[in-house]
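# Coordinates in review
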Amino acid sequence: MKYQVVVVGGRIGGSISSLFASKNDVNVLMIEKQQEIGVPVQCAEGTTAGTFHTLEMKPLKKYIANKVKGAELHAPNGTTAKISGGMAEGYILERKIFDKHLAQESAQAGTDIMLKTTAKDLIINKGKVCGVVAEHLGQRIKIKADVVIAADGIESNIARLAGLNTLKKPYEICSCAQYEMVGVDGDPNWLKFYFGTEMAPGGYAWIFPKGQGVANVGLGIRSTEKTAYAYLEKFTSKMDATPIELNIGGVPLSGPMEKTFTDGLLVVGDAAGQVEPLTGGGIHTTATCSRIAGEVAAQAVQENDTSASFLKKYEDLWKEKIGDTLDMSLKYRHVADKLNDDDMNSLAEFLKYNNPNSLSKISALKFLGKHPHLLKHLKELL
Amino acid sequence: MKPEPGKCGYCGACVTVCPHARLELNNQVHLKKGCVNCGTCIIVCPLGALKLEE
């Protein structure tokens, strides 16, 4: 079997890479280990309008569960601040349908798709990735390729096999558990975030409303105390709501891996750590990088140069688009990691009366003057 | 390290932190030879599906 581009993984990173490669007239195969695209969901399903701009797609009703105006931040002592517009505004997707829609678009653009097909190894010749060895229904198959795109998620077997450093420290992985629940009270126009060491140490809990009393209720933690699932059980114990789905997963908060390409290979999405370290949000960042990966892979094939020196263009381009955002988000995460519950309470109190989208320097400095512990940490950002 | 049967949620968080690349996600988490029982994977498993070998 021979393709010009082989994409490993059929979630958003895989479908978007394969879509934009196929759009640029190269022959593309996408392999997915599950027997259905879009399951299991490993995502809180929130994203911003930017995702659709990147994809040049309209947000369609069939995969938008709900639109939200902003976010409610709940501090450990119960202080609540509301932030509307900007980054807090967006959509709650139905990922099962969205992922399938993207795969459908990719197939319509010409991508071949194989399901229940797991990449087991890479074909490497003189140090260059030349394809994958996959297993499909118990059969080993060799698939040769000019470029392989690794969109194989957090475990990123492929990037590691190509010799890239994918190892993460435990504190760089947010351990997450989420229920999709029915019978969740509250205004469906607002995302809810809950902070505190009792609630979600090293992370936060969330309620993302999907409309009609359905919501994703989940949390991410970085802690050795208890499992994410145990914290989720505690968080939901007082809610009169019923789970209809349990999602679990690890989210990379390390920032992007050091190098996202090598000879004949590109790495995208969670596999590449293209996730905002502060929030753990990765749909928009993955969409941006995967589109570039698909386009650069196609160009490399057409120009008959799939060497690392050509494919570096992928990394240059995605860094140009979102490199600064990811760097800044990592800096914020490092600061957030140092804040204690009292700091979170003070911040929420401040945000309650000051909209961060129209913050004056004077009011921020006045506030920090009263909270030297916060100032000590926040000055790293100034 | 010992994966507890029936508890794994197939998310792959453990695989990405294993310092010796001894874990593999293959329908369920699979332990390759050479695990040094360091316990790193236990920290990130959302379901507590891994425990130290006694």
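Heads up: these notes are all about the structure in this document. (Residues numbered from 1 in each chain as written. Chains lettered and ligands numbered in written order. Predicted model: local features only at pLDDT ≥ 70, side-chain atom pairs only at ≥ 80, totals over all residues. Heavy atoms only, no water.)

## Overview of the interface of chain B and chain A
Interface size is commonly expressed as the accessible area that is lost once the parts come together. Each partner contributes to the interface: chain B provides 21 residues, whereas chain A provides 23 residues. Taking both partners together, chain B and chain A bury about 1,700 Å²; carbon and sulfur atoms supply 64% of that area. Our enumeration of links across chain B and chain A arrives at zero salt bridges. Here chain B and chain A share four residue pairs in polar contact (both at pLDDT 80 or more) between them. The set of elements that each furnish at least two residues to the side of chain B that touches chain A consists of helix 1 (13-17), strand 2 (23-26) and helix 2 (40-44) of chain B. If one sorts the elements of the side of chain B that touches chain A by residue count, helix 1 of chain B sits on top with four residues. Of the residues belonging to the side of chain B that touches chain A, the class tally is 14 nonpolar, six polar and one charged. (Contact = heavy atoms within 4.5 Å. Buried area = accessible area lost by both parts, 1.4 Å probe. Salt bridge = Lys/Arg side-chain N within 4 Å of Asp/Glu carboxyl O. Polar contact = N/O pair within 3.5 Å; in protein donor to acceptor, adjacent residues only side chain to side chain. Helix = DSSP H or I, 4+ residues; strand = E, 2+ residues; numbered from the N terminus. Nonpolar A, V, L, I, M, F, W, Y, C, P; charged D, E, K, R; others polar.)

## Considerations on the sheet that holds strand 4 (residues 64-68) of chain A
Taken in spatial order, the three strands make up an open sheet running 3-7-4 (chain A), and their pairing is antiparallel. Looking at strand neighbours, the two that pair on one side only are strand 3 (46-47) and strand 4 of chain A, the edges of this open sheet. (Pairing = 2+ DSSP bridges.)

## Considering the packing of aromatic side chains
Residues and elements named next belong to chain A. The final tally for this structure, using the stated rule, is 12 aromatic pairs over all chains. Aromatic side chains F52 and F98 sit 6.0 Å apart centroid to centroid with 70° between the ring planes, which places their arrangement in the edge-to-face category. Of this pair, F52 sits in helix 2 (residues 49-55) while F98 sits in helix 3 (residues 95-108), and the two are 46 residues apart along the sequence. Taken as a pair, F52 and F98 share a single burial class, namely buried. (Phe/Tyr/Trp six-rings, centres within 6.5 Å; stacked < 30°, edge-to-face > 60°. Buried < 20%, exposed > 50% of the residue type's maximum accessible area, 1.4 Å probe, protein only.)

## Details of the pairing of strand 11 (residues 139-150) of chain A
Residues and elements named next belong to chain A. Where strand 1 (residues 2-8) and strand 11 come together, six bridges link them in parallel fashion. Across the sheet, V8 pairs through a bridge with A150, a residue of strand 11. The sheet contact formed by strand 10 (residues 128-136) and strand 11 spans six bridges and is antiparallel. Directly across from V133, in strand 11, lies its bridge partner K142. As paired elements, strand 11 and strand 18 (residues 265-267) share three bridges and run parallel to each other. Bridge pairing in strand 18 links I149 to L266.

## Brief notes about the packing of helix 8 (residues 341-353) of chain A against helix 9 (residues 361-370) of chain A
All names here are of chain A. Remark: helix 8 packs on helix 9, axes separated minimally by 11 Å, with the N-to-C direction vectors making an angle of 150°. In terms of orientation, helix 8 and helix 9 fall into the roughly antiparallel class. Our pair here, helix 8 against helix 9, has a crossing hand that is right-handed. Within the contact between the two elements, helix 8 uses S346, L347 and F350 and helix 9 uses S363, A364 and F367. Its residues assigned to classes, the contact of helix 8 with helix 9 shows four nonpolar, two polar and no charged. (Axes fitted to C-alpha atoms, helices over the stretch in contact; angles between N-to-C directions. Parallel < 35°, antiparallel > 145°, perpendicular 65-115°, else oblique. Left-handed = near helix turned anticlockwise from the far one by under 90°.)

## Quick look at the pairing of strand 2 of chain B
With burial as the criterion, only one face of strand 2 of chain B is covered, namely that bearing L23 and L25 of chain B; the residues E24 and N26 of chain B on the opposite face remain uncovered. Connecting strand 2 of chain B to the next strand, strand 3 (residues 28-31) of chain B, in antiparallel fashion are one residue, including N27 of chain B with a positive phi near 70°.

## As for helix 5 (residues 228-236) of chain A
Residues and elements named next belong to chain A. Residues A228, Y231, L232, F235 and T236 constitute the buried set of helix 5. What you see down the axis of helix 5 is that its buried residues fit within an arc of 125°, all on one side. Turning to helix 5, the residues buried within the fold contact strand 12 (173-182), strand 13 (190-194), strand 14 (204-211), strand 15 (214-221) and strand 16 (242-252). (Arc of directions from axis to C-beta.)

## Regarding the sheet that holds strand 13 of chain A
All names here are of chain A. The strand order 6-5-13-14-15-12-16 describes an open sheet built from seven strands, whose pairing is mixed. Sheet topology places strand 6 (80-84) and strand 16 at the edges, where each strand pairs with a single neighbour. Shown here is a sheet whose adjacent strand axes are inclined to one another by a mean of 20°, direction ignored. As judged from the five bridges shared by strand 5 (residues 70-74) and strand 13, these two strands associate in the parallel manner. Within strand 13, the residue paired with H74 across the bridge is Y194.

## Let's talk about unusual backbone geometry
Residues and elements named next belong to chain A. For the bond running from V39 to P40, omega is -10°, close enough to zero to count as cis. Non-glycine residue D25 carries a positive phi angle of around 60°. D25 gets classed as exposed once you look at its relative accessible area, which sits at 68%. Phi is positive for K126, close to 50°, though the residue is something other than glycine. As for its position among the elements, K126 is in the loop between strand 9 (117-125) and strand 10.

Geometric values such as these leave the question of function open.
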